[in-house]
Amino acid sequence: MDLLWTSLAQLVNLVFQVCIFLLVARALISWVGPAQYHPLVNFLCRATDPVLDRLRRLLPLQFGGIDLTPVALLLALYLFKGLLLNLIAQLARG
């Protein structure tokens, strides 16, 4: 049974790490401003824009041309990942 909880925790961690990686890559790409029709840029936009657009509507975090929405989403992802992994650890202990 311990293997199940460990595997679940690793899967949750992997999913969050991929999301964080995509978000950081999207933020870095936005600074460089490459061709908009590049397949990698299109993929990053399609993967991250739905969540970022919803968050932008809820929290207008754009100041002087700087968008802090990805930073807020990163903090939320790290917080939620920690809470979820802590919950899994507590459930594993019984």
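Up top is the structure these notes are about.
Residues numbered from 1 in each chain as written. Predicted model: local features only at pLDDT ≥ 70, side-chain atom pairs only at ≥ 80, totals over all residues. Heavy atoms only, no water.

Enquirer: How should helix H2 (residues 39-58) be read in this particular structure?
Expert: The end-to-end C-alpha distance of H2, which contains 20 residues, comes to 29 Å, matching closely the 28 Å that a straight helix rising 1.5 Å per residue would cover. At Asp 49, H2 is bent by approximately 45 degrees, the largest bend along its length, and proline Pro 50 sits one to four residues beyond. For H2, every residue scored as buried is listed here: Val 41, Leu 44, Thr 48, Asp 49, Leu 52 and Leu 55. Buried-residue contacts for H2 involve helix H1 (2-32) and helix H3 (69-93). (Helix = DSSP H or I, 4+ residues; strand = E, 2+ residues; numbered from the N terminus. Expected span 1.5 Å × (residues − 1). Bend = angle between axes of the 7 residues up to and from the residue. Buried < 20%, exposed > 50% of the residue type's maximum accessible area, 1.4 Å probe, protein only. Contact = heavy atoms within 4.5 Å.)

Enquirer: In this structure, what is going on with the layout of surface pockets? I would like to understand it.
Expert: One water molecule sets the probe size; rolling that probe over the atoms shows where empty space is left. By volume, the largest pocket is sized at about 360 Å³. Ala 27, Ser 30, Trp 31, Asp 67 and Pro 70 are, among the 15 residues lining the largest pocket, the residues nearest its centre. Residue assignment for the lining of the largest pocket shows that the elements contributing at least two residues are H1, H2, strand E2 (66-67) and H3. Per-element accounting of the lining of the largest pocket gives the leading share, 7 residues, to H1. When the residues that make up the lining of the largest pocket are grouped by side-chain class, the tally is 11 nonpolar, 1 polar and 3 charged. (1 Å grid on protein atoms, 1.4 Å probe; cavity = no way out; pocket = protein on both sides within 12 Å on 5 of 7 lines; lining within 4 Å. Points joined across faces, edges and corners; volume = space filled by probe spheres on them. Nonpolar A, V, L, I, M, F, W, Y, C, P; charged D, E, K, R; others polar.)

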